[in-house]
Protein chains: 2
Amino acid sequence: MGVPRQVDHDERRRQLTEALLRIAGTRGLQAVSMREIAAEAGVSLRVVQYYFTNKQALLESGLIELGARGRRRVQQRVADAASTRDVFAAVLGAIVPSDEQSRLDSMAWTAYYTAALTDPALAAAGLTLPNALEDFLTVRLTAAQQAGDVSPDRDPRTEVAGLLALANGLTSGVLSRQRDHEAATKIIDYHLARLFDLTPRNLAHKAQAGTDSAAD
Amino acid sequence: MGVPRQVDHDERRRQLTEALLRIAGTRGLQAVSMREIAAEAGVSLRVVQYYFTNKQALLESGLIELGARGRRRVQQRVADAASTRDVFAAVLGAIVPSDEQSRLDSMAWTAYYTAALTDPALAAAGLTLPNALEDFLTVRLTAAQQAGDVSPDRDPRTEVAGLLALANGLTSGVLSRQRDHEAATKIIDYHLARLFDLTPRNLAHKAQAGTDSAAD
DNA sequence: CCCGTTAGGATACGACTGTATCCATTCGGG
DNA sequence: CCCGAATGGATACAGTCGTATCCTAACGGG
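Residues numbered from 1 in each chain as written. Chains lettered and ligands numbered in written order. Predicted model: local features only at pLDDT ≥ 70, side-chain atom pairs only at ≥ 80, totals over all residues. Heavy atoms only, no water.

**Points about the packing of aromatic side chains**
Residues and elements named next belong to chain A. If you walk through the whole model with that rule in mind, you get 4 aromatic pairs over all chains. Summarising the aromatic geometry, the rings of F88 and F196 are spaced 5.7 Å apart at their centres and angled 70° between planes, so their arrangement reads as edge-to-face. Taken as a pair, F88 in helix α5 (residues 84-95) and F196 in the loop between α10 (181-195) and α11 (203-209) lie far apart in primary sequence, 108 residues in all. F196 sits in the buried class, given a relative accessible area of 14%. (Phe/Tyr/Trp six-rings, centres within 6.5 Å; stacked < 30°, edge-to-face > 60°. Helix = DSSP H or I, 4+ residues; strand = E, 2+ residues; numbered from the N terminus. Buried < 20%, exposed > 50% of the residue type's maximum accessible area, 1.4 Å probe, protein only.)

Written out as structure tokens, the structure reads:
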């Protein structure tokens, strides 16, 4: 038992979790079985059993990894977002699947989400990401509104909830290949352009409240 | 073999299909088995086999029934919709689950939708309702815009796609009990109010194009 | 009357599931 | 050196799954 034991252990678990998510993303959650995961990871059934006591534990691990990936994607995009509008475009753009990897993850996420609707054990393991995003964006939008970058007759919480639901619905369309990523992005930008537009009747208000709106 | 044979046959199939949808709506699609359907319908396994050759046929029947229910709900609400805005509120309000029955149907629909993402056989059996609604609403919105009831700088197709995606995303939130029906309706109305609002800069255009806008 | 079709009960079959058990190997600290 | 823990191969077990088969009844037209 060498020093890097715990590391190897976690690495093994990570490989198995990734195999699980690959299956869930391509063939669905109902195709996920212990033996399938073993085959996908190129190991024996016993190894899967060894590193995960339960199938339940395995599924939870997959859900946790999926949440971590989502958070990572959002943070990467938000990192280089200058304005509040850029932050919104980044977050919403991170929700809608863009490349093949995010499509697979989105598939798996949808499968988990659907399963959690009828399986309280999965629901308890956490789909908390949407709520966190809602709070985060609401704070940002409220600040932008107070800075005069958004029309005062907009309701930040309602706008954010609507935009997140929009991104969610667009994701469904992208996954079912009813829409592609570009079309979805256009729809999102269409709405962001209106939300952050101050053209006619809001210029007066903008001029009166424009204090620290440059950095936002 | 009496005259009402075919009728009895169809009635039996209908009962079994409803039993299937009850299970799918409460315990999920993965809980749907021939034996479970038999138990739910209060018949023997053989009867389920007798009226449906395959499990596949059974699932398709459930999907068809689900689509029919959705269409029925939309038509009922659209029936007494006076203005174009009422039509939009009716259609979008028909998508978001309101009572317990529509919640169950929406659950089952989500389960089917998710399954269809990885099962081409189910996808072929038809999730065509969204596309039909998109075309329908786009025609209505374009007409309303030409009548001057909607600002000319709105893009009807984008607006409709966005609203349907919004309703879809809100449905997810309602099903996961993150939001209730009332909150979802408020968000929809919030957006419809903006879409059909002509207050400041559009009144000029409205006055110039207002020919047959009264009946719409 | 009787015979073929319709309807359904009872049971079986093979595949697959999650989980458990038995066993061999490896390897590092005492 | 050696012994116990870590690791994993092979196999078994009890369920559940969709599907198939066998066998009764019932019943209406010839």
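**Describing the interface of chain B and chain A**
Often, the extent of an interface is quoted as the loss of accessible area upon association of its parts. Taken residue by residue, the interface counts 38 residues in chain B and 38 residues in chain A. For the pair chain B and chain A, the summed buried surface comes to about 3,000 Å²; carbon and sulfur atoms form 58% of the total. On inspection of chain B and its partner chain A, the count reaches 6 salt bridges. Among the salt bridges present, the one from R194 of chain A reaches E159 of chain B, with a minimum N-O distance of 3.9 Å. For the pair chain B and chain A, the interface holds 13 residue pairs in polar contact (both at pLDDT 80 or more). Looking at the side of chain B that touches chain A, the elements that each hand over two or more residues are α1 (5-27), α6 (100-118), α8 (129-146), α9 (156-175) and α10 (181-195) of chain B. Residues belonging to the side of chain B that touches chain A are distributed by class as follows: 13 nonpolar, 16 polar and 9 charged. (Contact = heavy atoms within 4.5 Å. Buried area = accessible area lost by both parts, 1.4 Å probe. Salt bridge = Lys/Arg side-chain N within 4 Å of Asp/Glu carboxyl O. Polar contact = N/O pair within 3.5 Å; in protein donor to acceptor, adjacent residues only side chain to side chain. Nonpolar A, V, L, I, M, F, W, Y, C, P; charged D, E, K, R; others polar.)

**Considerations on the packing of α6 of chain B against α9 of chain B**
Residues and elements named next belong to chain B. Close contact between α6 and α9 brings their axes to 11 Å; oriented N to C, the two are set at 110°. Comparing the axis directions of α6 and α9 gives the class roughly perpendicular. Remark: the crossing between α6 and α9 carries left-handed chirality. Within the contact between the two elements, α6 uses R103, S106, M107 and T110 and α9 uses T171, V174 and L175. (Axes fitted to C-alpha atoms, helices over the stretch in contact; angles between N-to-C directions. Parallel < 35°, antiparallel > 145°, perpendicular 65-115°, else oblique. Left-handed = near helix turned anticlockwise from the far one by under 90°.)

**What about the layout of surface pockets?**
There is about 760 Å³ of room inside the second largest pocket. What lines the second largest pocket is a set of 30 residues, among which L29 and Q30 of chain A together with L29, Q30 and A115 of chain B lie closest to the centre. Taken together, the residues that form the lining of the second largest pocket break down as 18 nonpolar, 8 polar and 4 charged. (1 Å grid on protein atoms, 1.4 Å probe; cavity = no way out; pocket = protein on both sides within 12 Å on 5 of 7 lines; lining within 4 Å. Points joined across faces, edges and corners; volume = space filled by probe spheres on them.)

**Thoughts on the pattern of salt bridges**
Residues and elements named next belong to chain A. For the structure on display, the rule yields 26 salt bridges over all chains. Residue E65 is joined to R69 by a salt bridge in which the shortest nitrogen-to-oxygen separation is 2.8 Å. Within this pair, E65 and its partner R69 are both found in helix α4 (residues 55-79), separated by 4 residues, close to a single helical turn. For the pair formed by E65 and R69, the shared burial category is buried. Sharing partners across several salt bridges, the network here consists of E65, R69, R73 and D105.

Structural measurements only, silent on function.
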